[in-house]
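Descriptive analysis of the structure
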Amino acid sequence: MRKTNINDYMDEVERVGTESAPAVAVRTVGRFFSGLFRVIISILCIALIAGVVVGTPIVMYVIDISNEPTGIDLRARKLNLTSNIYVYNEDGDAVKYQQLYSSENRVWVDYKDIPKQMRNAMIAIEDKRFREHKGVDWVRTSGAIISLATGSDSYGGSTLTQQLIKNITKDNEVSINRKLREVFRALKLEKEYTKDEILEAYLNIVNFGGNTGGVQAAANMYFGKNIQDCSVAECAAIAGITQNPSLYNPFYYPEYNKERRETVLQAMFEQEMISRAEYAEALEESEKMKFVTDESESDEEEYNPDEEEDDISNVQNWYIDAMLRQIQEDIAEAYNVGIDVAEERLYTEGLNIYCAMDLDMQEYAEKYFTSLETPYDEKLEIGYTMTALDGRIIATVGSRNQKTANLLYDRANVAALQPGSTIKPIGAYPLTIENKYYNFSSTIADQPIEEWDYTGGYWKPGPNNWYGYYNTEELTICDAIEWSSNAAAARALQLVGVENSYSFVTGKLGFTHLSEQDSKNLAGLSIGGLNGGVTATEMAAAYSIYGNGGRYYKPYTYYYVTDQNGNVVLDNRDNIPMQALSTETAYIMNRLLNYNVNNSYHTRAGSTRVSGWDTIGKTGTTDNTKDSWFCGLSPICAAALWTGYDTPTVINAPNYAVDCWQDLMEYYLSDKEVVQYEPAEGVTSIRFCKTSGLLATEKCESTGWGYYTTDNIPKYCNDECLKNKDTDTDTETESDSSEESDDTTSSSDENSDSSESSESSEGDASSEPVESEPEWWESQFGTP
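Residues numbered from 1 in each chain as written. Predicted model: local features only at pLDDT ≥ 70, side-chain atom pairs only at ≥ 80, totals over all residues. Heavy atoms only, no water.

So, on to the packing of aromatic side chains. Across all of its chains, the model carries 24 aromatic pairs by this definition. On the numbers, 4.4 Å between centres and 10° between planes, the contact of Y354 with Y560 is stacked. Of this pair, Y354 sits in strand 3 (residues 352–355) while Y560 is found in strand 12 (residues 558–562), placing the two residues 206 residues apart along the sequence. Judged by relative accessible area, Y354 falls into the buried class, the value being 15%. With a centroid separation of 5.7 Å and an interplanar angle of 70°, the aromatic rings of F440 and F688 are classed as edge-to-face. Of the two residues, F440 is situated in the loop between helix 18 (430–434) and strand 6 (443–444) and F688 in strand 18 (residues 683–689); the sequence distance between them amounts to 248 residues. F440 sits in the buried class, given a relative accessible area of 1%. Connected via pairs of aromatic rings, a cluster forms that spans F440, Y587, Y595, F688, Y707 and Y708. Positioned over the ring face of Y560 is R573, at 3.8 Å from the centre of the ring. (Phe/Tyr/Trp six-rings, centres within 6.5 Å; stacked < 30°, edge-to-face > 60°. Helix = DSSP H or I, 4+ residues; strand = E, 2+ residues; numbered from the N terminus. Buried < 20%, exposed > 50% of the residue type's maximum accessible area, 1.4 Å probe, protein only. Lys NZ or Arg CZ within 6 Å of the ring centre and 35° of its normal.)

Okay, structure coming up:
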């Protein structure tokens, strides 16, 4: 850096002193504008950067909307094509199984058969530049967008093309977003179809009041004739209805329809679509116009949807119901249309649906439930879903009664149910293993949480255990699951955090029926006291992760769907899973559920064993035994079965779920080659002491196989199991005032907090327990 000395400074002072005043002024002004220029440049740069930051997402959003497919096939709608469902036989060939067809009250009229006066009337009143624009009238559309931006929707800017799109998609949202999407769809539609095709579709699809679709149905209903026979005035009356089908319906507001149709006639005359003489004649007819006063006088028969449903031969099975619902949802999502539009596409566009149903298992399951007698509970309902471990739904049944109609209330796929203790291996325990809080045989207190239920101005401890007491000695995790301890499950969830568990089941396991309250409710995801609920299909998919390495697959009912030309429009063949848990945690949870089934002293889980197969799972009942579940899996499939009533009441046959689950699993596996679960490479099997939960030594009297990751192995038992040898390990503390001590028969009605109406309660361990001493394990399974 140049150093400034005193001489330089004095030279500068002398030089400035000799400058004239104008020179100084010029220098000052120059510096000012130079600084101002720099400020302006800085502001512009900041504005540019801000514009890029803010504008880029907007531009990308608009580009995304512009690239969306229209999802509209006018030719298919005209043809009203039948869709076909295919199932795969034992040879792997797709065989036509069922057809889907529309039965709507609409008669399609070809363009050449629609009278010119009807076409002109619609153009004159709705879109006078229809023949000139490319789908969008930019002047009117700009005004409509400005109106929306300023909070007014009074400016109608839609062309006939845009109105057609709105009628097809049923997108009635009042927003700039909807308007932009509509604009791009209109531009694309005009490239794909001629003006005549678009106008033909419009006149056959739009609503003309009274639940009529199209001009033929309107002409028949209002005038008792075909559209070809309608006069200019009658065509104007029909055309005038579309702006407000309720207000301009001539049956209810003939005076408004008269005013509107004469406005249409005036527009036709001004646009030289009719002569002065025709205009005068039409006005004269308008003054005396008569309508079919009784809708029953028209030739058009009203469609009764119950007529087909009364014919049992037309009733589809529960699987097809679930599949059609799923396809409608997927079409709506893929093409950004409403469910009713998706349904119309499904029934009219000649789709080919390749169904994932196992027809033999589906027919067996439906017959099984409808023919089975249930002691004391003839009206007991069920919800059942069996899935493959890759998400494919094998079979599903929504009721135990004979199906008498289509798309009935589905207790397997629609009903949000209380899961009871089946939620424990999903919401309470897996994250404790995943986060290394616990291992396979860690011990946990079977004791109440002091601040459990805040009522009456103070905290009450809880939750109560279904067996009526609390163990004073800690339980191992595997025993806590086998005991179905409410207290232990609540403590496990408290450790990992309710919000973390909620994020896990909603974000990684596809639970869609939980409420915001469930993200804060400790009882919900630990013992089943949900504010929302779960479906049987959701539970089957959730349990599947314990047989496939921790991967969650969204359940699906179809492989893929093609349009009439064979183009794939929906596809599940590459059903990409989400890694919900590590393979190690999934396998450890698998072995915990195996322990539960093969050591079932306290519940009837052992009754679900299938000879030769390693079936695992968990029972679940809710307070007062109003719901009864079994959720579990084999190495090739998972299944969830709920039993209960639509209006919750005490179940008199609580073992029904366990028995039915075993029967159905046994049938499905009967002709399959026995396979085993694939062990996780990062898990090692070591014998553990069932008293202390630590690794077993030769001094430990009761041991079993434990499964551990290498970084979460307990230490060896150092005679801990002998310290309380003379102490009764079943020492109890009361969990409520009932002093119920029979843990195999205690009722949740006696031992559950009445404020927790959906909490877990288990009972009836009538099946014989399986000994789990070292000799038995090794003789049955050898060394894992």
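Strands sit in the order 2-1-3-12-13 across an open sheet of five strands; the sheet is mixed. Two strands lie at the open edges of the sheet, namely strand 2 (94–100) and strand 13 (568–571), each paired on one side alone. Along the sheet, successive strands turn relative to each other by an average axial angle of 20°, direction set aside. Note: strand 3 against strand 12, four bridges, orientation antiparallel. If you follow N352 over to strand 12, its bridge partner there is T562. (Pairing = 2+ DSSP bridges. Axes fitted to C-alpha atoms, helices over the stretch in contact; angles between N-to-C directions.)

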